[in-house]
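Listed here are the chains, written in short residue letters.
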Amino acid sequence: MNALPATEHAPKEFVLEVEALTVSFDGFKAVDDLSFYVDENEIRVIIGPNGAGKTTVLDLICGRTKASHGSIRFRDRELTRMKEHEIVHAGVGRKFQNPTIYEELTVFENLELSIPRGRTVFGALGFRRDQAVLDRIEEIAEFVFLKDHLKTPSAILSHGQKQWLEIGMLLIQDPSLMMLDEPVAGMSVGERVKTAELLNNIIKDRSVIVIEHDMKFVEDIAHRVTVLHQGKVLSEGSMEHVKNDPKVVEVYLGH
Ligand SMILES: Nc1ncnc2c1ncn2[C@@H]1O[C@H](COP(=O)(O)OP(=O)(O)OP(=O)(O)O)[C@@H](O)[C@H]1O
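Let me sum up the structure you'll find in this document. Keep in mind the model is a prediction, meaning the values are calculated, not measured. Residue numbers run consecutively from 1 along every chain, following the written order of its sequence. With pLDDT at 70 or above as the cut-off, local features in this predicted model cover only qualifying residues; side-chain atom pairs require 80 or more to be listed or tallied, and sums for whole chains, interfaces and linings still use all residues.

What follows is about the nonpolar core. Counting residues in hydrophobic clusters, the biggest one holds 66 residues, and the most contacted among them are V45 and I61. Helical segments are the DSSP runs of H or I of at least four residues, strand segments are the runs of E of at least two, and each set is numbered from the N terminus. Considering every element that reaches this core, the biggest residue donor is helix α5 (residues 159-171), with six residues. Here this core spans two domains, and each of domain 1 (13-91 + 176-255) and domain 2 (102-174) adds at least three residues to it. In this description, any two residues whose backbone-derived C-beta atoms lie within 7 Å of each other are considered to be in contact. Setting aside residues up to four positions removed in sequence, V45 forms contacts with V210, E212, V218, I221, A222 and V225. In plain words, the nonpolar core is the set of buried Ala, Val, Leu, Ile, Met, Phe, Trp, Tyr and Cys residues that C-beta atoms within 7 Å link up. Every C-beta atom is placed from the backbone, and the number of other C-beta atoms within 10 Å of a residue's own sets its class: buried at 20 or more, exposed at 12 or fewer, partly exposed in between. Each domain's extent is set by a domain assignment, obtained either automatically or from a database.

Between its first and last C-alpha atoms helix α6 (residues 189-202) spans 20 Å; for 14 residues at 1.5 Å apiece the expected length is 20 Å, and the two agree. Buried within α6 we find E191, T195, L198, L199 and I202. An end-on view of α6 places all buried positions within 95° of arc, on one side of the element. Among the exposed residues of α6, those oriented more than 90 degrees off its buried face are V189, G190 and N201. Taken together, the buried residues of α6 touch β3 (43-47), α5, β7 (177-181), β8 (207-211) and α7 (215-221). Here a helix's expected span is defined as the number of its residues, less one, multiplied by 1.5 Å. In this description, the arc belongs to the directions extending from the helix axis to the C-beta atoms.

One open sheet accounts for six strands, arranged β6-β7-β8-β3-β9-β10; its pairing is mixed. Only two strands of the sheet have a single partner each, and these edge strands are β6 (92-95) and β10 (232-237). Averaged over all pairs of adjacent strands, the angle between strand axes in this sheet comes to 20°, irrespective of strand direction. Paired strands, as defined in this entry, are two strands with at least two bridges between them according to DSSP. In this structure, β7 lies alongside β8, joined through five bridges in parallel fashion. Angles run from 0 to 180 degrees between N-to-C directions of axes, and those axes are lines fitted to C-alpha atoms, restricted for helices to the stretch in contact.

This is the structure we're talking about:
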């Protein structure tokens with residue numbers, strides 16, 4: 001038999017397929033019949049004016065808010081029917097705007113705590129396992145520019161370093177989809193540049209959805225941009241495309 005592998009002829013598969021997604025809060029549709037599709041290894045940026053529904057979309061994907069209608073397919077799973085912790089286990093990681101690290105613990109300890117249960121140093125069976133865990137923590141720390149800070153109490157990290165630590169805490173769980181809410185808010189210019197580099201490295205193994213207001217940063221990182229307005233897609237495509245779309249200029253970029 002010289003049949004080609006099934007994948008050769010399979011239709012294109014998205015990591016995430018959001019279709020006709022709607023949520024109403026007391027009759028107000030914060031997300032209204034929304035559809036969008038995220039590719040493997042893509043950085044998708046969601047932009048839009050305040051109240052457009054950006055955070056609500058992430059809340060729906062991670063199961064924090066339940067959809068009124070529509071579907072969210074993540075690989076072969078229907079996320080709208082799953083609980084928040086099941087969605088995390090399925091491989092969706094979410095970082096909120098403010099870092100939620102343990103300030104009193106070191107960088108090492110924060111990363112160690114984030115290793116999925118059953119894989120901690122303490123739960124390990126022997127030296128080899130311990131070493132694998134230590135190696136993993138060092139690898140992630142290096143990835144998020146904190147290798148020289150493993151013993152540093154997290155409280156004394158800069159704001160940007162705290163954001164990176166939290167990204168590291170998500171990465172150590174190896175999600176296939178990472179969602180980040182305004183990751184560069186409050187960062188220095190240098191930290192923004194390094195964060196763009198970090199995201200470009202992250203998506204070698206996964207996809208990322210970012211909510212962002214900083215247009216320079218969006219321009220640096222986005223493969224595609226989805227512009228939300230009143231819970232719907234106003235425009236979508238490359239940054240070049242959306243920033244020249246008169247509808248986008250009118251409701252968002254022109255202000
Ligand atoms: N749990 C809730 N109950 C009632 N209304 C809500 C709830 N969550 C969000 N909303 C409303 O839904 C709309 C969309 O809010 P959302 O936070 O998703 O917007 P956003 O695009 O993230 O805005 P911002 O850029 O200001 O963060 C807003 O009008 C908000 O007040």
